[in-house]
Every structure is written in C-alpha cells, then in structure tokens.
There are 2 protein chains.
Amino acid sequence: MLQFRFLRFPLPSSNLSTLSPIPTTNLLRISASRSPSSKPRSPMASYTTSSSSPKLLFRQLFEKESSTYTYLLADQSHPEKPALLVDPVDKTVDRDLSFVKDLGLKLIYAINTHVHADHVTGTGLIKTKVSGVRSIISKASNAKADLFVEPGDKICFGDLFLEVRATPGHTLGCVTYVTGDGPDQPQPRMAFTGDALLIRGCGRTDFQCKIWVEVQNCCINQCIHRQEHEIIFTLPKDTLIYPAHDYKGFTVSTIQEEMLYNPRLTKDEVLKSGCGRRNGGGDAVAVAGCKGRSVTVAEKFKSIMENLNLAYPKMIDVAVPANMVCGLQDLAFKSA
Amino acid sequence: MLQFRFLRFPLPSSNLSTLSPIPTTNLLRISASRSPSSKPRSPMASYTTSSSSPKLLFRQLFEKESSTYTYLLADQSHPEKPALLVDPVDKTVDRDLSFVKDLGLKLIYAINTHVHADHVTGTGLIKTKVSGVRSIISKASNAKADLFVEPGDKICFGDLFLEVRATPGHTLGCVTYVTGDGPDQPQPRMAFTGDALLIRGCGRTDFQCKIWVEVQNCCINQCIHRQEHEIIFTLPKDTLIYPAHDYKGFTVSTIQEEMLYNPRLTKDEVLKSGCGRRNGGGDAVAVAGCKGRSVTVAEKFKSIMENLNLAYPKMIDVAVPANMVCGLQDLAFKSA
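Given the structure is predicted, the values throughout are model-derived calculations rather than measurements.

For the rest of this paragraph, the subject is the overall build of chain A. The number of helices and strands found in chain A is 8 helices and 14 strands. Looking at the 336 residues of chain A, the share that counts as buried comes to 61%. Of the contacts formed within chain A by residues at least 6 apart in sequence, a portion of 68% connects residues at least 24 apart. Entry remark: accessible area of chain A is about 13300 Å², with carbon and sulfur atoms responsible for 55%.

Below, the discussion takes up the packing of aromatic side chains. Taken as a whole and assessed by the stated rule, the structure comprises 19 aromatic pairs over all chains. Considering the side-chain rings of F62(B) and Y69(B), the 5.0 Å spacing of their centres and the 45° angle between planes classify their relative orientation as tilted. Its relative accessible area of 6% is what places F62(B) among the buried residues. On the basis of relative accessibility, which here comes to 2%, the residue Y69(B) falls in the buried class. One aromatic cluster in this structure is built from F58(A), F62(A), Y69(A), Y71(A), F192(A), Y242(A), F58(B), F62(B), Y69(B), Y71(B), F192(B) and Y242(B). A cation over a ring is seen here: R95(A) above F250(B), with NZ or CZ 6.0 Å from the ring centre.

Residue and element names in this part refer to chain A. Across the sheet, 6 strands lie side by side as β3-β4-β5-β6-β7-β8; this open sheet has mixed pairing. Across the chains shown, the open sheet's two edge strands, defined by having one partner strand only, are β3 (56-63) and β8 (147-149). The mean inter-strand angle of the sheet, taken between neighbouring strand axes irrespective of direction, is 25°.

All names here are of chain B. One open sheet accounts for 6 strands, arranged β3-β4-β5-β6-β7-β8; its pairing is mixed. The sheet is open, and its two borders are formed by β3 (56-63) and β8 (147-149), each paired with just one other strand. Pairwise comparison of adjacent strand axes, ignoring direction, gives a mean angle of 25° for this sheet. With 3 bridges connecting them, strand β7 (residues 134-138) and β8 associate as parallel partners.

Take the pairing of strand β13 (residues 240-243) of chain B next. Residues and elements named next belong to chain B. Burial along β13 is two-sided: L240 and Y242 facing one way and I241 and P243 facing the other are all buried. In this sheet, β13 lies alongside strand β12 (residues 190-194) in parallel orientation, the contact comprising 4 bridges. Residue G194 lies in a different strand from β13, and its bridge partner there is P243. Alignment of β13 against strand β14 (residues 253-254), held across 2 bridges, turns out to be antiparallel.

The subject of this paragraph is the pattern of salt bridges. Counted under the stated rule, the structure contains 22 salt bridges over all chains. Close ionic contact of R59(A) with E257(B) constitutes a salt bridge, the shortest N to O distance being 2.8 Å. Separated into two different chains, R59(A) in strand β3 and E257(B) in helix α4 (residues 255-261) make up a pair that spans both. You'll find R59(A) and E257(B) in the same group, each marked buried. The salt bridge partner of D146(B) is K127(B), with a shortest N-O separation of 2.6 Å.

All names here are of chain A. Model confidence for chain A is summarised by a mean pLDDT of 73, while 63% of its residues fall at 70 or above. Counting interchain partners and residues more than four positions distant, the pLDDT-below-50 stretch residues 269-296 has 33 contacts. Both confidence scores are given for the complex: pTM 0.78, ipTM 0.77.

With that out of the way, let us pick up unusual backbone geometry. In this structure, the amide linkage connecting Q187(A) to the following residue, P188(A), adopts the cis form with an omega of -5°. Checked against the element boundaries, P188(A) lands in the loop between β11 (175-179) and β12 (190-194). Of note in this structure, S67(B) is not a glycine but carries a positive phi near 50°. Tracing the backbone shows S67(B) in the loop between β3 and β4 (68-75). Phi is positive for R200(B), close to 65°, though the residue is something other than glycine. On the secondary structure map, R200(B) appears in the loop between β12 and α3 (220-232). Residue classification places R200(B) among the buried residues on the basis of a relative accessible area of 16%.

Residue pairs spaced three or four apart in an α-helix point in one direction, given the helix's 3.6 residues per turn. Of all 10 residues in helix α1 (residues 93-102) of chain A, 7 are buried, a share of seventy percent or more. For α1(A), the full list of buried residues reads V93(A), R95(A), D96(A), L97(A), F99(A), V100(A) and D102(A). Tucked inside the fold, the buried residues of α1(A) contact β3, β4 (68-75), β5 (82-86), β6 (106-111) and α2 (123-129) of chain A together with α4 of chain B. Count one or two residues on from α1(A) and you reach G104(A), which has phi positive near 70°.

Glancing now at the environment of V149(A). For V149(A), the position within the fold is in strand β8. Accessibility expressed as a relative area gives 1% for V149(A), which makes it buried.

Here the focus is a positive patch on the surface. A grouping of K64(A), K314(A), K64(B) and K314(B) is seen on the molecular surface, where their side chains present a positively charged patch. On the basis of relative accessibility, which here comes to 34%, the residue K64(A) falls in the partly exposed class.

Calculation notes
- Residues numbered from 1 in each chain as written.
- Chains lettered and ligands numbered in written order.
- Predicted model: local features only at pLDDT ≥ 70, side-chain atom pairs only at ≥ 80, totals over all residues.
- Heavy atoms only, no water.
- Helix = DSSP H or I, 4+ residues; strand = E, 2+ residues; numbered from the N terminus.
- Buried < 20%, exposed > 50% of the residue type's maximum accessible area, 1.4 Å probe, protein only.
- Contact = heavy atoms within 4.5 Å.
- Areas by Shrake-Rupley, 256 points an atom, 1.4 Å probe, with all protein chains shown as cover.
- Phe/Tyr/Trp six-rings, centres within 6.5 Å; stacked < 30°, edge-to-face > 60°.
- Lys NZ or Arg CZ within 6 Å of the ring centre and 35° of its normal.
- Pairing = 2+ DSSP bridges.
- Axes fitted to C-alpha atoms, helices over the stretch in contact; angles between N-to-C directions.
- Salt bridge = Lys/Arg side-chain N within 4 Å of Asp/Glu carboxyl O.
- pLDDT = per-residue confidence, 0-100.
- Patch = residues over 30% accessible without salt bridge, like charges linked within 9 Å, V, L, I, M, F, W, Y side chains within 5 Å.
- Lys, Arg positive; Asp, Glu negative; His and termini not counted.
- Charge placed at Lys NZ, Arg CZ, Asp CG, Glu CD.

So, in structure tokens, the structure goes:
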C-alpha cells in the first residue's frame with residue numbers, strides 16, 4: 001500500500017499574490033492502493049502517439065533561450081476549467097497567461113519540478129499577475145512556495161490529478177509529476193520528469209553532491225537506480241515522458257524508449273537484468289534489494305559523468321537564489 | 001464530389017538516392033466523396049489535447065536555429081511500419097534518421113509543404129542516406145522531387161494517409177497535408193500547414209507576389225480568404241494545427257483557436273460573418289461566392305501586411321535555390 005495525500009482545494013478566489021505557505025498538515029491525507037497500471041502492456045503501445053482524455057487539455061510550451069518546456073494541463077470538462085502550469089519560466093509568463101486566458105481556463109497552480117539552475121521560475125511572477133494561484137514545489141527542495149508536496153501526494157485539478165514521485169539526483173528536491181491512473185485520467189499516462197530524466201539523457205548531478213559517489217541519496221547512480229527502476233521505470237512502458245528541457249529538438253519520449261535508448265541508463269547490463277523486487281516493497285526494500293548491484297552501477301555511471309566536461313552553469317548564480325523564493329528575489333529582499 | 005488521387009506504392013527496396021522524378025501519370029487516380037467530417041462538433045472538442053489512433057505514431061521535432069518543426073508520422077500497426085517526414089531540415093537529418101531507426105520504422109517519404117526560404121530542406125540528404133525514400137512536393141512549386149502532388153491527392157503510408165490541400169499565398173506552391181478521415185485515421189484530424197497558417201499568424205506573402213493586392217491567386221488576402229475558409233477552415237474545429245514554424249514556443253493549435261485568436265484572420269468582421277457558400281462548390285464557386293467581399297478583406301489585410309516591417313530573409317538566397325532541388329544544389333550542379 002502506498003500512501004497518497006490529496007491536494008484538493010476549492011477553486012481559489014482570494015488574492016494570494018504574496019508568498020504565504022500553507023501548512024501541509026491542512027491537506028487531506030488518505031491511503032490508496034498501489035496503481036494497477038504497472039501491468040505489462042504490448043510493446044506496440046510504447047510508441048503511442050500521445051495521451052488522450054476527453055477531460056484533459058494539454059499543451060507543451062517552449063522557452064528557447066533556456067530550452068525549457070512549460071506544460072499546461074487543465075480539466076476542460078469541469079465548469080471552472082481549473083488549470084495548472086508545470087515549470088513556467090519568468091520570461092514567458094505573459095505568453096502563458098495570455099494563452100490560459102484565450103482558452104478560458106482558470107489557473108489554480110503554478111508548479112515546479114525542482115529548483116532550476118538554468119532559468120528563473122515564473123511561479124512568483126504569475127502570482128503577482130493572477131490572484132488565487134498557488135505555487136507548489138517539493139518539501140525536500142527547501143524552497144519557498146504556497147504548498148509543499150511529498151512523494152505519494154496527489155495534486156487535483158478538477159477531476160484530474162497528478163501524482164508526486166521523488167526523483168532526486170539532479171537536486172535533492174527533484175520530483176516527477178505523473179498523471180493519474182483511472183478511467184477518466186489520460187491514457188497513456190504522462191510523466192513530467194523535470195531534469196531527472198531527459199530524452200536520451202538526464203540532468204547533471206554535481207549541483208548538490210560534489211562527491212557524488214559518496215552520497216548515496218542524491219548521486220546519480222543510486223538515485224537513478226532508484227528513481228528509474230523503482231519510481232519511474234515501473235510506470236507502464238507507454239507512459240509519455242515530458243522533460244523540463246530538450247536541447248536537440250525532441251518533444252516527448254516514452255518509458256520504453258528511454259529504457260532502450262537512454263545512453264546513461266542502458267550502459268550497465270547488470271542494472272538491466274537485476275533488481276527483481278521492483279514492486280510492493282516501498283523505497284526501503286527497493287533500495288536495499290538493489291544495493292548489492294549499485295556499486296557496479298555507480299562505477300559505470302561515474303565514468304560517464306566524469307567525462308561529461310560540464311561547464312559551470314551560466315545562470316546558476318542568478319537562478320537558484322531566485323528560484324528558492326518562487327523567482328521573486330526582489331520581493332523577498334524587500335519583505336525581509 | 002472532390003477528386004482524390006492516391007499515392008500508394010509498394011514499400012520501396014530499390015536505391016533512389018538520386019533525383020529521379022516519377023511521372024504523376026503513373027499514380028492511381030480515383031474519386032472519393034467529400035469528407036463527412038465537416039459537420040459541426042461541440043466547442044469543447046476544439047481544445048482536444050492531441051490526436052489519437054492505435055495505428056499512428058507521431059512525433060514533433062524542432063530545429064532551433066530556424067525554429068522549424070519537422071513531423072514524423074508512421075503506421076505502427078503495419079508490419080513494415082512505413083513512415084514519412086514532413087519538412088525535414090538538412091541540419092537535423094542525422095537526428096531524424098537515428099530516431100526513425102530507434103523506433104524501428106521504414107522511412108518511405110520525405111515531404112515538403114513548400115519551397116522554404118528560411119532553411120535548407122533535408123529531403124535530398126535523406127535520400128542519399130536511406131535508399132528507397134521518395135521526396136514529395138507540390139506540382140505548383142515547380143521544384144524538383146520524386147513525386148509531385150496536387151490538391152485532392154492522398155499520400156498513403158500503411159493504412160493511414162494524408163490529404164493534400166492547396167494553400168498558396170506564402171508561396172505559389174504551398175500545400176497543407178491533412179490526416180485522413182475515417183475509423184482508423186487519427187481523431188481529431190491533424191493539419192500540417194507549413195507557413196500558410198502559423199499559430200496566431202501566417203507566413204509572409206511578399207516572396208512571389210511583390211504587388212500582392214494585384215495578384216489574386218497568391219496574395220494573402222485572396223488566398224487566405226480562400227484557403228482558410230474554403231480549404232482549411234472548413235475542417236472540423238478540433239483539427240490540430242501543426243505549423244512549419246513557431247517563434248514564441250507554441251507547439252500546436254486548433255482550427256477553433258485560430259479562427260478565434262489569429263490576429264491576421266480575425267480582423268475583419270465582414271470576413272467572419274460572410275461567405276455562406278463554404279461547402280460543395282469546389283474552388284471556382286468558393287472564390288466566386290466570396291469575391292464581392294474580398295476587396296474589403298484585402299484592404300484590411302493590406303494594412304496589416306504593410307506594417308509588418310519584415311526584413312529581407314537572411315537565408316532566402318541560399319535556401320530557395322537549394323530547396324528547388326531537394327536541398328542538393330551541389331549535386332544538381334555536378335550533374336548538370
């Protein structure tokens with residue numbers, strides 16, 4: 001049994017344009033059985049064109065300078081058409097809000113997958129422009145927001161929802177948001193992976209774990225080992241992967257494609273053949289069950305990561321401090 | 001009754017890496033009744049997330065320098081998984097072909113919506129790298145290719161097909177490719193509009209019609225009037241619009257969205273309220289039926305277009321000569 005906590009609010013009407021975190025203890029916490037969607041599907045289904053649901057409105061938006069994807073999701077069957085934005089960028093907030101208005105949606109959440117290092121989030125700016133929007137980020141990020149989510153939480157918008165899955169590695173607080181499983185939810189499922197899993201790649205892991213092989217919980221090997229094979233790669237193979245960035249012009253991938261062709265996740269035969277206990281044990285069993293193999297995996301990943309020759313990110317000194325406070329560092333300084 | 005000509009070839013096995021146009025008289029020409037899909041649908045359906053079909057594999061790819069979208073479509077239910085690329089770019093041919101290989105597809109067509117002025121097509125380069133691929137462009141373009149299509153033609157790949165619709169204005173030979181209508185075809189339909197219809201815009205019209213108000217058949221007013229309201233805007237409102245470019249980070253739109261929010265197509269109330277004879281008359285009746293109003297429309301569009309202050313396209317002197325010969329100008333010179 002996995003614990004799920006639902007975030008389901010009445011559609012906001014009050015002005016929440018300042019940062020006013022709401023204690024997570026106010027949120028409804030219920031339990032739900034593990035999703036039945038982990039059952040194998042036909043390989044053919046893994047290349048499904050796109051997700052469909054009569055309820056879901058979905059749009060992928062691109063910010064060219066940082067190659068960032070922002071995602072708009074809404075329940076268009078709901079009378080109020082509640083919507084959320086995943087990973088909005090400050091520079092494209094006006095575009096996004098104009099688009100939301102065109103489509104007649106009511107934006108209720110502005111969500112980040114993690115504290116970005118390559119662009120300033122638009123969540124704070126959105127809150128200053130649209131009353132009632134709540135910002136969301138993971139509790140593990142230690143950043144400011146109105147709402148904090150933890151693994152297993154569900155973020156509801158209308159009759160649709162996103163599940164929260166922990167995918168640390170790129171940063172400690174990285175999470176992946178996955179559309180729900182059920183008759184009214186989009187099929188195939190859609191995973192908004194942030195930088196944890198990119199198309200044919202993954203985010204760098206030297207931001208918060210300089211000596212990554214010594215830090216089990218946030219280095220790429222252990223975490224990718226854990227997130228992909230316990231948290232992400234257990235999703236149905238046709239699940240659509242929507243990352244926070246792409247630098248080669250890809251827009252979407254699938255779990256199956258990344259399992260087959262992601263060069264950072266397919267180098268190790270031991271990893272591919274091992275780890276039989278993927279389901280039913282929760283994180284503790286999952287990590288323990290794979291621990292014996294993770295050293296070998298770590299060594300192979302270390303070789304890959306040490307040869308990446310990554311430059312110091314040009315935006316990090318601006319973006320991270322800003323993103324710790326919803327992108328509104330000036331406002332934070334003023335109110336300090 | 002509309003005339004449709006089907007392009008349906010056995011999957012190619014011979015090496016067609018040189019430009020060897022196949023006479024269009026070899027193609028099967030049959031007639032088919034007008035698509036029944038023009039019936040009104042509910043407004044809600046116009047914002048559908050995406051198109052779905054158990055047969056169609058679809059991917060949108062982006063070339064950042066020219067902001068060009070390339071589209072990959074395949075019939076994944078067919079044993080050979082026949083695929084086609086719409087508007088491939090020379091610089092991303094290796095990416096595209098690697099992707100096609102990853103997905104286990106058999107590329108049979110490399111198609112252009114028109115002779116591009118902002119990038120060099122990848123169709124010729126693809127033919128040098130993959131034997132059996134045939135290039136396609138409109139007959140009206142006067143460019144070289146293996147196959148030439150005319151309005152009403154159908155391009156088949158497996159059990160799926162694209163319809164060809166004439167959408168001149170940006171260039172004389174611009175066409176839009178629209179996925180078929182039928183139980184096995186993707187729903188909603190998808191229109192690959194090239195530069196004829198962009199998201200909240202349209203391609204410039206000063207390339208081939210310098211004095212555009214005097215040239216009825218290719219200036220933007222008459223042609224957009226004709227193409228949008230007779231050829232494109234008669235498609236179901238939920239038809240997904242996939243343009244050849246986007247410069248603001250949008251990836252897809254719908255007919256309904258563009259009818260409501262495209263600033264170049266919604267300026268004129270006379271245009272919006274007029275033109276009752278949209279169906280059943282073919283081009284001649286359509287143009288004639290709206291001719292009385294087109295002067296007013298032209299004047300309004302002229303005002304918009306004259307204030308665009310468009311620079312001379314930096315790639316045009318390289319791109320157009322190259323794209324007239326499938327992007328292989330060097331090869332053409334050598335063989336001349």
